[in-house]
Amino acid sequence: MRSKQNKFIPEGHARERVPHPLVRVAMYSAMALAAAALALPSLAAEPGELAAKEMRHIEKTFPGRMAGTPQEDLAAKYISDRWLAMGYRPKLVRFFTSYTFTSAKHPDRDPDPTMLVSTNVIAERRGTSGKQIIVGAHFDSRTPTSDADLKQRIGGPALQGLDDNASGVGVILELAEYFRKVAPTHTIKFIAFGAEEIGLHGAFEVVNRMTPKERAATLWMVNIDSIVTGDHLYFHAGPKTYAKDPKAGHARDRALAIAAILGISATTNPGMHADYPRGTGCCSDQAAFDGAGIAIVNLEATNWEIGDQDGYQQTSISDAFPNGVSWHLVDIDKRAHLEASLPSGRVDERARDALRILVPLVAELAGAKP
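Only a predicted model underlies this, so the values are computations on that prediction, with no experimental measurement involved.

So, how was this worked out
Residues numbered from 1 in each chain as written. Predicted model: local features only at pLDDT ≥ 70, side-chain atom pairs only at ≥ 80, totals over all residues. Heavy atoms only, no water. Core = buried A, V, L, I, M, F, W, Y, C linked by side-chain atoms within 4.5 Å. Buried < 20%, exposed > 50% of the residue type's maximum accessible area, 1.4 Å probe, protein only. Helix = DSSP H or I, 4+ residues; strand = E, 2+ residues; numbered from the N terminus. Contact = heavy atoms within 4.5 Å. Expected span 1.5 Å × (residues − 1). Bend = angle between axes of the 7 residues up to and from the residue. Salt bridge = Lys/Arg side-chain N within 4 Å of Asp/Glu carboxyl O. Axes fitted to C-alpha atoms, helices over the stretch in contact; angles between N-to-C directions. Parallel < 35°, antiparallel > 145°, perpendicular 65-115°, else oblique. Left-handed = near helix turned anticlockwise from the far one by under 90°. Nonpolar A, V, L, I, M, F, W, Y, C, P; charged D, E, K, R; others polar. Lys, Arg positive; Asp, Glu negative; His and termini not counted. Pairing = 2+ DSSP bridges. Phe/Tyr/Trp six-rings, centres within 6.5 Å; stacked < 30°, edge-to-face > 60°. Lys NZ or Arg CZ within 6 Å of the ring centre and 35° of its normal.

1. Structural notes on the nonpolar core
Here is step 1: Within the largest apolar cluster, 71 residues are counted, with the highest numbers of intra-cluster contacts made by Trp-83, Val-135, Val-171, Phe-179 and Leu-358.
Here is step 2: Counting residues per element, this core draws most heavily on helix α12 (residues 346-366), which supplies 12 residues.
Here is step 3: Beyond its immediate sequence surroundings of up to four residues, Phe-179 is in contact with Tyr-88, Arg-125, Ile-188, Phe-190, Val-359, Val-362 and Ala-363.
Here is step 4: Judged by nonpolar contacts, the second largest core, of 17 residues, contains Phe-193, Phe-204, Ile-294 and Ile-296.

2. Digging into α12
Here is step 1: Its 21 residues give α12 an end-to-end C-alpha distance of 29 Å, which sits within 8% of 30 Å, the value for a rise of 1.5 Å per residue.
Here is step 2: At Leu-358, α12 is bent by approximately 25°, the largest bend along its length, and proline Pro-360 sits one to four residues beyond.
Here is step 3: Counting buried positions along α12 gives 15 out of 21 residues, so the element sits mostly inside the fold.
Here is step 4: Gly-367 lies just past α12 and shows a positive phi near 70°.

3. Here's the deal with the pattern of salt bridges
Here is step 1: Overall, the coordinates contain 15 salt bridges when judged by the stated rule.
Here is step 2: Asp-73 serves as the salt-bridge partner of Arg-94, at 2.5 Å between the closest nitrogen and oxygen. One end of the pair, Arg-94, is in strand β1 (residues 91-100); the other, Asp-73, is in helix α3 (residues 70-85), with 21 residues separating them in the sequence.
Here is step 3: Relative accessible area serves as the criterion here: at 36%, Arg-94 is assigned to the partly exposed category.
Here is step 4: Across the pair Asp-331 and Arg-153 runs a salt bridge whose closest N-O atoms are separated by 2.9 Å. Of this pair, Asp-331 sits in the loop between β8 (296-302) and α11 (335-341) while Arg-153 sits in the loop between α4 (147-151) and α5 (162-179), and the two are 178 residues apart along the sequence.
Here is step 5: Residue classification places Arg-153 among the partly exposed residues on the basis of a relative accessible area of 42%.
Here is step 6: One network of salt bridges, with partners in common, ties together Arg-56, Arg-335, Glu-339 and Asp-348.

4. As for the packing of α5 against α12
Here is step 1: With their axes 10 Å apart at the nearest point, α5 and α12 run at an angle of 45° to one another. Between α5 and α12, the interaxial angle falls into the category oblique. In this structure, the crossing between α5 and α12 has a hand that is right-handed. On the side of α5, the interface is formed by Leu-162, Val-171, Glu-174, Leu-175, Tyr-178 and Phe-179, while α12 contributes Val-347, Ala-354, Leu-355, Leu-358, Val-359, Val-362 and Ala-363.
Here is step 2: Partitioned by chemical class, the residues of the contact of α5 with α12 number 12 nonpolar, no polar and one charged.

5. Structural notes on helix α6 (residues 201-209)
Residues that lie three or four places apart on an α-helix share one face, since the helix turns once every 3.6 residues.
Here is step 1: With seven of nine residues buried, α6 is to be regarded as a mostly interior element.
Here is step 2: Looking at the buried positions of α6, the neighbouring elements they touch are β1, β2 (113-125), β4 (187-193), α7 (212-217) and α10 (286-291).

6. Structural notes on the side chain of Asp-353
Here is step 1: Counting through the fold element by element, Asp-353 comes out in helix α12.
Here is step 2: Of the side chains bearing the opposite charge, Arg-352 lies closest to the buried Asp-353, which forms no salt bridge; the N-O distance is 4.5 Å.
Here is step 3: Residues contacting Asp-353, with those up to four places away along its chain left out, are Leu-233 and Ile-264.

7. What to know about the pairing of β8
Here is step 1: Of all the seven residues making up β8, seven are buried; the element is thus mostly covered by neighbouring parts of the structure.
Here is step 2: Judged by which residues are buried, β8 turns out to be covered on both faces: Ile-296, Asn-298, Glu-300 and Thr-302 on one side and Val-297, Leu-299 and Ala-301 on the other are all buried.
Here is step 3: One ladder, built from four bridges, connects strand β5 (residues 218-224) with β8; its direction is parallel. Following the sheet pairing, Ile-224 is matched in β8 by Leu-299.
Here is step 4: The pairing of strand β6 (residues 232-237) with β8 spans six bridges and is antiparallel. Bridge assignment links Leu-233 to a residue of β8, and that residue is Ala-301.

8. Examining the packing of aromatic side chains
Here is step 1: Counted by the stated rule, this structure contains seven aromatic pairs.
Here is step 2: Following the ring pairs from residue to residue traces out a cluster consisting of Trp-83, Tyr-88 and Phe-190.
Here is step 3: Above the face of the Tyr-242 ring, Arg-252 is positioned so that its terminal group lies 4.5 Å from the ring centre.

9. What to know about the sheet that holds β2
Here is step 1: The eight strands lie next to each other as β1-β2-β4-β3-β5-β8-β6-β7, forming an open sheet whose pairing is mixed. Either end of the sheet is taken by a strand with one partner, and the two such strands are β1 and β7 (266-267).
Here is step 2: Bridging between strand β3 (residues 132-138) and β5 involves five bridges; their strand directions are parallel. Following the sheet pairing, Val-135 is matched in β5 by Val-222.
Here is step 3: Of the strands in this sheet, β3, β4, β5, β6 and β8 are in contact with α12, which crosses β6 at around 20°.

Functional significance is not addressed by these values, which are geometric in nature.
Now the structure itself:
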């Protein structure tokens, strides 16, 4: 999700593919693929049950799902297959992009870009109004972009990424399951974004392909990213759209109102850091849409009142969380560590709370009866 080094990117992307040694991950064997398919989570009976199962399944089955790697591609196909099984007609949208790897061995040389192909997975429940809302979460995991990342075990083939962002993918999969037979007024477009961890590339790809008419017809973008580790659930509006028009905070306010009615603890950025105004967030795929003038609401779990008060530190510093974060860390953002270190039942609780809030919120935004 977050990176202090690169929170936003320019819109231009490279258009070739040249594999980099860092992202050469061996392809799964046919036997392993068959085993993964047989392990599909079953349909949930309670809100959040399917989401929690999907979180754990994705984390276990697709570690190292870095942009442009076979593991990212396998995860994209898995999400597509899940939506196909629900009755959707998903699309795998490939796109060219790149990132740079900075090496201390060549400090005086500008790094060459690593070209790659990533994927966005898109499914939609058609409405009747000609307008749409987008519900998204990125499914890739962190790609190391420097020697320092490798030394600190940030990202790479071993990163399982339960919090960032199997948690968000689990939620959008259950939302899609819920809305598959609901008739919305406005189309609900579900998007699993690729290449978020190298600069929101999948989200920018979607925004850059939109026509002016489609942008104008997009009423809301709802983003879910990293909802397990952080101390508190937060709903935010987009800083650019909210500054221009306070009505862009409507979805955030409705989410918080729904949470209050349900007795779920949720809040918004208190605005203790000058760069992040009260009620707004940052640093995930919703930023691409906010920058394009599309109103957003994003759901995350962190703690905006500790550390630098910029939302980057998720929880208190401890033996289990030496820097107060799990983001991108191979030894921390994995099921075994998180379930042993966080309050008992955290994964299931957060999945349940997210679905209990988001089902009525998405229904309301899309003009559908939950």
